[in-house]
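If you want the building blocks of each chain, they are given just below.
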Amino acid sequence: MTDEIVIRPLCQVGETEMYVDANGDVYPCCWSVGESRPGGSFEKAYPNGTDLNLNHHTIDEILSSEAWTRLMFIVRTTSTAPSLCQRTCGADNNQGRPTRIMKVIEPDE
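Residues numbered from 1 in each chain as written. Predicted model: local features only at pLDDT ≥ 70, side-chain atom pairs only at ≥ 80, totals over all residues. Heavy atoms only, no water.

## Brief notes about the overall build of the chain
(1) Moving on: Each helix and strand in the chain was counted, giving four helices and four strands.
(2) Moving on: Element order for the chain, N to C, with α for helix and β for strand: β-β-β-α-α-α-α-β.
(3) Moving on: By the burial criterion, 35% of the 109 residues in the chain qualify as buried.
(4) Moving on: Within the structure as shown, the chain displays about 6700 Å² of accessible surface, and the carbon and sulfur contribution to it stands at 49%. (Helix = DSSP H or I, 4+ residues; strand = E, 2+ residues; numbered from the N terminus. Buried < 20%, exposed > 50% of the residue type's maximum accessible area, 1.4 Å probe, protein only. Areas by Shrake-Rupley, 256 points an atom, 1.4 Å probe, with all protein chains shown as cover.)

The following block contains the structure:
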């Protein structure tokens with residue numbers, strides 16, 4: 001078993017909806033849009049280019065893409081999660097929701 005702690009983001013447990021901005025960029029949630037701009041906590045996690053843009057790909061292509069998979073890994077792993085995800089979807093989110101942090105259990109255990 002590993003000691004890595006994982007955040008279970010609301011975007012991955014079905015408690016929030018994806019967000020599409022006016023340019024066609026797809027985000028895990030509406031909170032991440034403002035934080036993806038330069039200087040925001042989501043800036044490094046969100047891929048540059050057109051990988052997650054509906055003007056270039058279908059929603060199915062985006063959701064099954066390497067870029068989306070990588071983004072979802074980044075936002076749920078404490079060591080790489082933007083502070084936005086840690087604040088909003090962490091154990092101390094002060095939103096009255098149950099704790100969303102859990103230990104990762106290896107498949108062979």
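Right, picking up where we left off after that structure.
## Observations concerning the environment of L54
(1) Moving on: Assignment of secondary structure puts L54 in the loop between α1 (31-35) and α2 (59-63).
(2) Moving on: For L54, a relative accessible area of 35% puts it in the partly exposed group.
(3) Moving on: Between the alpha carbons of L54 and V20 there is a distance of 8.4 Å; along the sequence they are 34 residues apart.

## A few points about helix α3 (residues 66-76)
(1) Moving on: For α3, the complete set of buried residues consists of A67, W68, L71, M72, I74 and V75. Take α3 and look down its axis: the buried residues cluster within an arc of 160°, on one side only. (Arc of directions from axis to C-beta.)

## Focus: the nonpolar core
(1) Moving on: Formed by 17 residues in total, the largest nonpolar core has its most connected members in F42, Y46, L52, W68, L71 and V75.
(2) Moving on: Elements supplying a minimum of two residues to this core: β3 (26-27), α3 and α4 (83-89).
(3) Moving on: Broken down by element, this core gets its largest block of residues, six residues, from α3.
(4) Moving on: Ignoring anything within four residues of it in the chain, the contact list for W68 reads M18, V26, Y27, P28, L52, I62 and L63. (Core = buried A, V, L, I, M, F, W, Y, C linked by side-chain atoms within 4.5 Å. Contact = heavy atoms within 4.5 Å.)

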